Amino acid sequence: MCGIFGCILKTGNAASAIHKGLKKLEYRGYDSVGIATLQEDRLFIKKDTGKIDNVHAIHNLDDLPGGLGIGHTRWATHGAPYQVNAHPHTDCNNTIALVHNGIIENFAELKTELEELGHTFKSKTDTEVIAHLIEEELKRTDLSLVDAVRETVKQLDGSYALAIISVKEPDKIICARKESPLVLGVGKDSIYVASDIPAFLSETNKSVVIEDGEIIILNHSGYEIRKIDSWKEITREPKTINWAPEMAEKQGYPHFMLKEIHEQPLRLRNTLRLQNQYLELMTTFLDRAGEVFLVACGTSYHACLAASYMFSKLSFLATHPVIASEFVEQHGKSVNIDSTLLVVSQSGETADTLDAVESARLRAATVLGLTNIVGSTLTRVARVYICQQSGPEIGVAATKTFTSQLSVLTQLAIRLAKKRGKISHVEIEEIEEKLEQIPDIVESTIQHQEEKVKQLAKKYKGKQAFFFLGRGLSSAVALEGRLKLMEIAYIPSLAYPAGESKHGPISLIEQGFPVIFICPNDSTRKAIISNIMEMKARGASIIAIIEKGDKEIKKLADDYIEIDTELPEVLSPIPFVTPLQLFAYYMALECKRDPDMPRNLAKSVTVK
Ligand code: AGP
């Protein structure tokens, strides 16, 4: 949930390259930013609270000498976002500087020990203890910087992705990884280290993923990877990343979120081209499982909830969608060797989700993973994983990764249906045919309905709260539409399976209260119509997402958005969520919010 970046350039100014790289990582956290560079035997540091552009306007982050340096953009966990808590952090004598993404769980006791040794601390962060530990190690013997870092990280409990520089060895950056993501970028006359690939993609598409428990020495001639425990050297060649640099740019859109909503048809086409053997292998695991848990957080949980209906309807497989942070409490003791977890996490780094995975693995359960990031922790702890091919998602709000997750989960449900023979081939073929059309359906819905959604946001701007209601699979779409509106427009919203509204929530309804109904023409339509009537009778303003031509609901609704085709019910979530993504985006603009960087949130929540 922070972004770290480092580089060594044969020629040119490290500070401006770091500034550029941090801008690409801003979605990982943006309450503070800092850069440290080395020249001859001096350390130069600039850091402050605030978004990168604001700090740059005050301090000119590019104006630091030297071709080697590190930088950090922060999402505060320990220590409020004050200048003194911004990274980089240094030792007592300002000879070592480091940046960190993660959480050091034993930092308090380490800090006490270091203070007893005479160290003085400037910040309230967990990170600063690492700088003083390295300083202490360098005092004890004539250890090299990498040896001192190695001895230091052995003392750390928790998670870290670190980049460290020292005036004592001004030609190196030492990095280390445990749980938090770290990748190298290998350029012709440069080398980069970052939390995520987009940070250096405009400079090189050669990337090396760093694994847990590895320490790396970067210098002008390249990189050396070693195991922290055994010190064994690891040979790992760079992989070519097929993300063109502009893919991580906005491509002319005002915000990454809008670009990524519009990108969904393209991404959904990619998601339909997944490698068959991984889908087949995962389907086999699901087919043989004694019990299946679908485990995730946030938007990924909503994909799991929708998938639970698909697996039941198509393959008669009962699955248990579980919010990851509740998994251990709810199922920790019942999980066993016959349990299978299908874990969904676009970042593959969500701490709550990885916690659930670790607890299940310790009880011999089988863990399957669905993620968007190759090399993420989830890909290393899962027995089988599928990368959903959404491309980099920079906006904090998940959009294209959600619909790609739904596509993969639908494909798994279809394969399982074939394997189990619970529904007719004719029905399966119809669903497969329509699934191929989904990218076009989404494209046409965006094309024909975006302007209308934009007008709806203007019309309903100023409403203090919204209801999102759906039945069956659409209850997951209702939850997702609500989360989008809450997280980027900061409007309190409720979402329920529509049948629940009469068991209490309906008491909130008064004249003009906006209720958004998701109404595909499926087995739930009749019941949804009576729910619409209930709300109308109490003065609610009805906004309905309907299939094109649904005259009956058009008459009942105050406003409606039409989805351009009739769909088998298991396919409705993908096109029906798209107008809700756009509604949240345009409402955020109406409320003068920043859709890409909503307050208090980060793209990957790597804290529990
Ligand atoms: C969704 O818009 C949010 N950004 C958040 O709920 C997110 O879905 C959740 O944190 C899970 O992230 P993951 O898919 O990377 O595990």
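A quick note: this is a predicted structure, and the numbers were derived from the prediction, not measured.

### Some points on the environment of Pro514
One can find Pro514 in strand S23 (residues 514-519). Note: C-alpha distance between Pro514 and Gln464 (50 residues apart in sequence) is 9.3 Å. If near-sequence neighbours (up to four positions away) are discounted, Pro514 is found in contact with Tyr460, Lys463, Ala465, Phe466, Phe467 and Ser541.

### Structural notes on a negative patch on the surface
A surface patch of like charges, here negative, comprises Glu105, Glu109, Glu113, Glu115, Glu116, Asp157 and Glu179. In this fold, Glu109 is placed in helix H3 (residues 107-116). According to the relative accessible area criterion, Glu109 is partly exposed, its value standing at 44%.

### Description of helix H10 (residues 324-331)
Within the span of H10, buried status applies to Ala324, Phe327 and His331. Down the axis, H10 shows its buried residues gathered within 35° of arc, on one side only. Where H10 is buried, its residues touch strand S16 (291-296), strand S17 (319-323), strand S18 (339-345) and helix H11 (351-361).

### Regarding the side chain of Glu590
Along the polypeptide, Glu590 turns up in helix H18 (residues 573-590). Among the polar contacts listed, one links the side chain of Glu590 to the side chain of Lys458, at a separation of 2.9 Å.

### Let's talk about the pattern of salt bridges
Evaluated as defined, the whole model comprises 37 salt bridges. Note that Glu263 is salt-bridged to Lys400, the shortest N-O span being 2.5 Å. Of this pair, Glu263 sits in the loop between helix H6 (256-262) and helix H7 (264-271) while Lys400 sits in helix H13 (residues 400-420); the two residues are 137 residues apart in sequence, bridging distant segments of the chain. In this structure Glu263 comes out as buried when scored by relative accessible area, which is 9%.

### A word on the pairing of S16
Burial analysis of S16 places five of its six residues in the buried class, which makes it a mostly covered element. Bridge analysis of S16 against S17 gives five bridges, and the strand direction is parallel. Across the sheet, residue Ala296 finds its bridge partner in S17, namely Ile323. With respect to chirality, the unit in which S16 leads through helix H9 (residues 298-315) into the neighbouring parallel S17 is right-handed.

### Section: the packing of helix H4 (residues 128-140) against helix H5 (residues 145-153)
To characterise two packed helices, one gives the angle between the axes of the helices and the distance between these axes. Taken N-terminus to C-terminus, the directions of H4 and H5 make an angle of 120°; their axes are 9 Å apart at the nearest point. By the angle class used here, H4 and H5 are oblique. Crossing of H4 over H5 shows right-handed handedness. Across the interface between the two elements, Ile130, Leu133, Ile134, Glu137 and Leu138 from H4 touch Leu145, Ala148, Val149, Glu151 and Thr152 from H5. When grouped by side-chain class, the residues that make up the contact of H4 with H5 number seven nonpolar, one polar and two charged.

### What to know about the nonpolar core
Of all hydrophobic cores here, the largest spans 84 residues; its most connected members are Phe311 and Leu412. Those residues within four positions of Leu412 in sequence are excluded, and the remaining contacts are Leu279, Met282, Thr283, Leu286, Phe311, Leu342 and Ile386. Of all hydrophobic cores here, the second largest spans 27 residues; its members include Ala131, Ile174, Ala176 and Ile215.

### Describing the packing of H7 against H13
For the pair H7 and H13, the least separation of the axes is 9 Å and the interaxial angle reads 30°. The pairing of H7 with H13 is recorded here as roughly parallel in orientation. Considering the relative orientation of H7 and H13, their crossing is right-handed. Contact residues: H7 offers Gln264, Arg267, Leu268 and Thr271, while H13 offers Lys400, Thr403, Ser404, Ser407, Val408 and Gln411. Per-class residue counts for the contact of H7 with H13 are two nonpolar, six polar and two charged.

### Regarding the packing of aromatic side chains
Summed over all chains, the structure comprises eight aromatic pairs. Ring centres 5.7 Å apart and planes at 75° place the aromatic pair Phe466 and Phe583 in the edge-to-face group. Residue Phe466 is found in strand S21 (residues 466-470), and its partner Phe583 is found in helix H18; the two are separated by 117 residues along the sequence. The pair Phe466 / Phe583 is uniform in exposure class, with both members buried. Through a chain of ring-to-ring contacts, three or more aromatic side chains come together here, namely Phe5, Tyr192 and Phe200. When the ring centre of Tyr560 is taken as origin, the NZ or CZ atom of Lys452, which lies over that ring, is 3.7 Å away.

Rules and cut-offs
- Residues numbered from 1 in each chain as written.
- Predicted model: local features only at pLDDT ≥ 70, side-chain atom pairs only at ≥ 80, totals over all residues.
- Heavy atoms only, no water.
- Helix = DSSP H or I, 4+ residues; strand = E, 2+ residues; numbered from the N terminus.
- Contact = heavy atoms within 4.5 Å.
- Patch = residues over 30% accessible without salt bridge, like charges linked within 9 Å, V, L, I, M, F, W, Y side chains within 5 Å.
- Areas by Shrake-Rupley, 256 points an atom, 1.4 Å probe, with all protein chains shown as cover.
- Salt bridge = Lys/Arg side-chain N within 4 Å of Asp/Glu carboxyl O.
- Lys, Arg positive; Asp, Glu negative; His and termini not counted.
- Charge placed at Lys NZ, Arg CZ, Asp CG, Glu CD.
- Buried < 20%, exposed > 50% of the residue type's maximum accessible area, 1.4 Å probe, protein only.
- Arc of directions from axis to C-beta.
- Polar contact = N/O pair within 3.5 Å; in protein donor to acceptor, adjacent residues only side chain to side chain.
- Pairing = 2+ DSSP bridges.
- Right-handed = clockwise from strand over helix to strand, strands pointing away.
- Axes fitted to C-alpha atoms, helices over the stretch in contact; angles between N-to-C directions.
- Parallel < 35°, antiparallel > 145°, perpendicular 65-115°, else oblique.
- Left-handed = near helix turned anticlockwise from the far one by under 90°.
- Nonpolar A, V, L, I, M, F, W, Y, C, P; charged D, E, K, R; others polar.
- Core = buried A, V, L, I, M, F, W, Y, C linked by side-chain atoms within 4.5 Å.
- Phe/Tyr/Trp six-rings, centres within 6.5 Å; stacked < 30°, edge-to-face > 60°.
- Lys NZ or Arg CZ within 6 Å of the ring centre and 35° of its normal.

All quantities given are derived from atomic positions and should not be read as evidence of function.
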